[in-house]
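Coordinates in review
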Amino acid sequence: MGAQKSIHAGKAKIDVNVDFTHKLCASLRLPSLRNSGSPLSLLIGSLCIKHPNLFGGSEKLDVSWDKGLYDSNILVAYRRPRPQWVAQQCFVMQHSLSPEIGVHGIPVDNFSRSGSGGVNLSRLSVGLDLNEPASSKWSSTTSIKFENVRLLNDDGRSITRDLDGFPVTCSGNAHDSMVVLKQESQYAKFTMQIEQGIPVLSKWLIFNRFKCVASKGIKVGPAFLLTSLTGGSIVGDMAPYQAFAIGGLGSVRGYGEGAVGSGRSCLVANTELTFPLSKMLEGSLFLDCGTDLGSGRLVPGNPALRQGKPGSGVGLGYGLRFKSPIGHFQVDYAINAFHQKTLYFGITNLAS
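Residues numbered from 1 in each chain as written. Predicted model: local features only at pLDDT ≥ 70, side-chain atom pairs only at ≥ 80, totals over all residues. Heavy atoms only, no water.

1. Considering the overall build of the protein chain
Each helix and strand in the protein chain was counted, giving 3 helices and 21 strands. Residue burial in the protein chain is summarised as follows: out of 352 residues, 37% are buried. Here the contacts in the protein chain between residues at least 6 apart in sequence split such that 54% fall between residues at least 24 apart. (Helix = DSSP H or I, 4+ residues; strand = E, 2+ residues; numbered from the N terminus. Buried < 20%, exposed > 50% of the residue type's maximum accessible area, 1.4 Å probe, protein only. Contact = heavy atoms within 4.5 Å.)

What follows is the structure, given as structure tokens:
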């Protein structure tokens, strides 16, 4: 199905991973967002170039490119050596392109899937990451970046309005610009993210967006019970693509991505019980629920109301977790409040 190859060119290392998995994704009923006659549209893979000593002073340069069926991400990171007891600096330039189905996607099959809304998000960011020295339980990252966000249709052309004629940017122009100061802190099982839009220019976005995640796990005999609670909100200037999308894998299973709702605020609770079936295989039972707290109407253009999203939902089901040396494989089977069933498939911690 695919191929992996590592090449050493002097001190630099090039990792190539190419995979033709269109048939696999189609068989799992992933949404078909657009039709393309190009053979490259069926290509999934990654290319990574690493240099450990770029200018002879232990400077590290990482260049990576990841491509999915409908999305891509290019990342350039440059790190200078610093003592371990001070914050580590990393200069980052990143460009990503992905379909904005979490907010603009259209729920289908009783909200079990999300179809294309004809809106794609192109984001270019340039800035600096500061990673504070981590302790056994505490870690913190601060970043300041300039971001330029452009909305495109499925043909790659810039758009200012969605299919219903409502603006897709905050400025009303073809793109939004902003300088974002972001603080992400984690202590044990609690994570807090705060983003602040800085008004460098009068037309740039000014906002405060926060998100927090708390989780707790306990042993129940041979089984393990994990519960988590996620909440967030945004105040100030807001574009539709900044809304919290509720629904899908990692949120409320049984629904398509963003099919529960998209709002200025969100609250999602997840409970999962895993139990061993063999040395490498685990079973799971889960219950997910989420709500936009009635804030969907506060998103510019109210895309959730126009797409008939309920604003709250509950999903439950069961799954399998397979742990192998090359990665962790996850299969979940869920049913939502509309009695529509959905199958999810995921791969995490894939070895390079």
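2. Observations regarding the pattern of salt bridges
Scanning the entire structure with this criterion turns up 14 salt bridges. A salt bridge links Arg-321 to Glu-272; the shortest N-O distance between them is 3.1 Å. Note that Arg-321 is positioned in strand E19 (residues 312-324) and Glu-272 in strand E17 (residues 265-276), a separation of 49 residues in sequence. Taking the relative accessible area as the measure of exposure, Arg-321 reaches 10% and is therefore buried. Three or more residues joined by partner-sharing salt bridges are found here, namely Arg-253, Glu-272, Asp-288, Arg-321 and Asp-332. (Salt bridge = Lys/Arg side-chain N within 4 Å of Asp/Glu carboxyl O.)

3. Description of the environment of Met-238
In this structure, Met-238 sits in the loop between strand E14 (223-236) and strand E15 (244-246). Residue Met-238 is classed as buried on the basis of its relative accessible area of 4%. Separated by 32 residues in the primary sequence, Met-238 and Ile-206 place their C-alpha atoms 8.2 Å from one another. With residues up to four places along the chain from it excluded, the contact list for Met-238 reads Cys-170, Ala-243, Gly-263, Arg-264, Val-299 and Pro-300.

4. Focus on the nonpolar core
Residues Leu-151, Met-178 and Tyr-241 are the most contacted members of the largest nonpolar core, which totals 26 residues. Those elements that provide at least two residues to this core are strand E10 (138-152), strand E11 (175-187), E15 and E17. (Core = buried A, V, L, I, M, F, W, Y, C linked by side-chain atoms within 4.5 Å.)

5. So, the packing of aromatic side chains
What the rule picks out here adds up to 6 aromatic pairs. Centroid distance Phe-146 to Trp-204: 5.5 Å. Interplanar angle 45°. Geometry classified as tilted. On the criterion of sequence distance, the pair formed by Phe-146 in strand E10 and Trp-204 in the loop between strand E12 (190-198) and strand E13 (207-220) is long-range, its members being 58 residues apart. Of the residues examined, Phe-146 reaches a relative accessible area of 31% and is grouped as partly exposed. (Phe/Tyr/Trp six-rings, centres within 6.5 Å; stacked < 30°, edge-to-face > 60°.)

6. Digging into a nonpolar patch on the surface
Side chains of Leu-277, Leu-285, Tyr-318, Leu-320, Val-331, Tyr-333, Leu-343 and Phe-345 sit close together on the surface and give an oily, nonpolar patch of about 700 Å² of accessible area. Those elements giving two or more residues to the nonpolar patch turn out to be E19, strand E20 (327-336) and strand E21 (341-348). Along the polypeptide, Leu-277 turns up in the loop between E17 and strand E18 (281-291). In this structure Leu-277 comes out as partly exposed when scored by relative accessible area, which is 48%. (Patch = residues over 30% accessible without salt bridge, like charges linked within 9 Å, V, L, I, M, F, W, Y side chains within 5 Å. Areas by Shrake-Rupley, 256 points an atom, 1.4 Å probe, with all protein chains shown as cover.)

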